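For reference, the chains in residue letters:
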Amino acid sequence: MKSFTYERATSVQAAAKAAASVQGARFIAGGTNLLDLMKLQIETPTHLIDVNHLGLDRIEETPEGGLRIGALVRNTDLAADKRVRRDYAVLSRALVAGASGQLRNKATTGGNLLQRTRCPYFYDTRMPCNKRQPGSGCGAMQGMSRSLAILGVSDACIAQHPSDMAVAMRLLDSAVDTIDANGATRSIPIADFHLLPGDTPQRETLLKPGEMITAVTLPKPIGGAHVYRKVRDRASYAFALVSVAAVFGKDGTARFAFGGIGAKPWRVAAADAAAKQGPKAVAEAALTGARTTHHNDFKKLLVERTLASLYRQQEARA
Amino acid sequence: MSSDSLTRRSLLQGSAVIATAAPTLSAASATAPSPNSGAKAMMPVELTVNGREVHLQLDPRTSLLDALREHLHLTGTKKGCDHGQCGACTVIVEGRRINSCLTLAVMHDGETVTTIEGLGTPEALHPMQKAFIVHDGYQCGYCTPGQICSAVSVLEEIAAGIPSHVTQDLDDVALSDAELRERMSGNICRCAAYPNIIAAMRDVYGQSGAKGEKA
Ligand SMILES: Cc1cc2nc3c(=O)[nH]c(=O)nc-3n(C[C@H](O)[C@H](O)[C@H](O)COP(=O)(O)OP(=O)(O)OC[C@H]3O[C@@H](n4cnc5c(N)ncnc54)[C@H](O)[C@@H]3O)c2cc1C
Ligand code: SF4
Ligand code: FES
Ligand code: FES
């Protein structure tokens, strides 16, 4: 690991200011992704700003009837929160489907949103990777791409977004609240927050240098039956090959978001619109524009079958 | 790598890669910064470890795991993968289990840490330590300190009503073998002592007289 200096931020404003003024500075929250990547020298910050002690670990009700989740709320605490379990069960389900009990105790809301891809070539510094080293090429395209994305990909990068939590947040139309070095705040719809790779796969979100996530806001509850189905190589402690977050209404309407298949958490209006036509139609709409490799072509069928399984489960409950 | 050059450590690293959630193509390097390396300034870190207050001067790069093992010589806590993929390094910080390899010691300045050495002693074993012995919950023992720290925390997490991936009703968290297996999935055991670990946990749960068990 490269040397760095470390500070414990004393206020949100000071943290954002420090991040923008020190070249190579990074925030550290749980550290479960950043330190992993620093040990491999994929990330080499010169200065770490610890944002763990800024009071951003609370979940509050908003005047609109939703919830404002502090950026430092741990994944365990978010999943276990009574209001989240009751009104946003799909989020609880997505969270507990991710990582392990130990990791969820440490992982934070902001850090989870910003976790980087699990593309094996991104992790192997001997391999070309446009995301890790812009312009070096993409090792995955002709390589072992089984786990990688089939939607939103580009000629430069086919990496998948690995988060489970973010898929549920995308389904729920959340917004990401931030503050920058000048103290200016903004609220970014989660649909816009993550960027598609295009020619610049190293750019992953709309955040500007030094801009800090302070919270994620959930709109007021939408009711319905909440489910999160994750398909992976092991029953637990593994990233998704395909995951589907869904809320089914009583009237046959539904909304869907997908993990494991997109360059970012994936949601398509046409898939929601096809809900009443059944899983095949939903899958077809969701997979419009899919670009697969020899290794990950199976994900298309897996999406359809995962949806079919969710529909059957819903019918059995009705 | 030729098989006769396999060391115990490289074997463990290799297995961590196989067991990994994210396939890494190269065996991850598990090099710890040596106590006095690096040009950057040392930082003071104060911890309460197993009830004892300790003062350390550390390179900020020092993981909590390396602080415990290399600086405090508490070698009960093990380094398996050094990347959050095996659970051998599990310790309890401020009452919650975490992977000590994926956190910096400086991030825990002022906090309380419990390791396997703090749960019990050979003369006065923690009930979970005793149950692991009774039920043969290990073979080589390398993963065991992490397993025991997790096992103790898992029973507390169930009692606190924290749901898991296999919880049917998010508002009704109860003990079952499926729950124990799911919650212990962050602790890999290459010797596959899993069934006996579950038996040990059930035993301790039974001793606690807790209610609400599901078959
Ligand atoms: C073995 C293993 C298995 C895993 N399995 C899964 C899985 O199945 N599903 C899943 O979804 N995840 C999984 N994860 C990933 C895990 O969820 C993430 O590592 C975790 O959520 C990251 O959160 P953190 O707080 O530790 O982030 P950190 O590592 O602290 O930070 C991550 C990034 O976010 C930045 N950052 C953090 N907080 C802020 C903020 N407030 N504002 C701006 N920037 C910020 C940091 O600078 C850094 O770049 C796994 C991880 C491991 C190690
Ligand atoms: S898919 Fe993206 S992250 Fe993976 S090697 Fe190619 S450029 Fe890198
Ligand atoms: S040493 Fe493997 S999880 Fe920490
Ligand atoms: S790894 Fe040998 S007892 Fe678990």
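As shown above, the structure is provided for reference.
Below, the structure is looked at part by part. (Residues numbered from 1 in each chain as written. Chains lettered and ligands numbered in written order. Predicted model: local features only at pLDDT ≥ 70, side-chain atom pairs only at ≥ 80, totals over all residues. Heavy atoms only, no water.)

A word on the site of ligand 1. Taken together, 36 residues form the shell around ligand 1, and within it Arg26, Phe27, Gly31, Thr32 and Thr108 of chain A come nearest. Around ligand 1, the nearby residues trace back to chains A and B. Gly31 of chain A is positioned with one of its backbone polar atoms (N or O) 2.7 Å from an oxygen atom of ligand 1. In isolation ligand 1 offers 980 Å² of accessible surface; the protein chains occlude 97% of this area. Split into classes, the residues belonging to the shell around ligand 1 amount to 17 nonpolar, 14 polar and five charged. (Near = heavy atom within 4 Å. Polar contact = N/O pair within 3.5 Å; in protein donor to acceptor, adjacent residues only side chain to side chain. Areas by Shrake-Rupley, 256 points an atom, 1.4 Å probe, with all protein chains shown as cover. Nonpolar A, V, L, I, M, F, W, Y, C, P; charged D, E, K, R; others polar.)

Quick look at the sheet that holds strand β2 (residues 25-28) of chain A now. Residue and element names in this part refer to chain A. The three strands lie next to each other as β1-β3-β2, forming an open sheet whose pairing is parallel. Since the sheet does not close on itself, it has two edges, and those belong to β1 (5-8) and β2, each with one partner. Each strand axis lies, on average, 25° off the axis of its neighbour in the sheet, ignoring direction. Taken together, the four bridges between β1 and strand β3 (residues 47-50) define a ladder with parallel strand orientation. Note on β3: the bridge partner recorded for Thr5 is His47. (Pairing = 2+ DSSP bridges. Helix = DSSP H or I, 4+ residues; strand = E, 2+ residues; numbered from the N terminus. Axes fitted to C-alpha atoms, helices over the stretch in contact; angles between N-to-C directions.)

Counting residues in each nonpolar core, the largest one holds 50 residues, and the members touching the most others are Leu78, Leu91, Leu113 and Met169 of chain A. Per element, the largest residue contribution to this core is six residues, and it comes from helix α9 (residues 165-171) of chain A. Listed in part, the 37 residues of the second largest apolar core include Phe4 and Ile28 of chain A together with Val49 and Leu74 of chain B. (Core = buried A, V, L, I, M, F, W, Y, C linked by side-chain atoms within 4.5 Å. Buried < 20%, exposed > 50% of the residue type's maximum accessible area, 1.4 Å probe, protein only.)

So, about the interface of chain A and chain B. Listed per partner, the contact involves 52 residues of chain A and 52 residues of chain B. Between chain A and chain B, a total of about 4200 Å² is buried, with carbon and sulfur atoms accounting for 56% of that surface. Taken together, the links from chain A to chain B amount to three salt bridges. Residues Asp77 of chain A and Arg96 of chain B are paired through a salt bridge, measuring 3.0 Å at the closest nitrogen-oxygen approach. Across the contact surface, chain A and chain B share 26 residue pairs in polar contact (both at pLDDT 80 or more). Sorting the residues of the side of chain A that touches chain B by element identifies β1, α2 (34-39), β3, α3 (75-80), α5 (89-96), α6 (101-106) and α8 (120-123) of chain A as the ones contributing at least two each. Ranked by the residues each element gives to the side of chain A that touches chain B, the list is headed by α6 of chain A, at five residues. (Contact = heavy atoms within 4.5 Å. Buried area = accessible area lost by both parts, 1.4 Å probe. Salt bridge = Lys/Arg side-chain N within 4 Å of Asp/Glu carboxyl O.)

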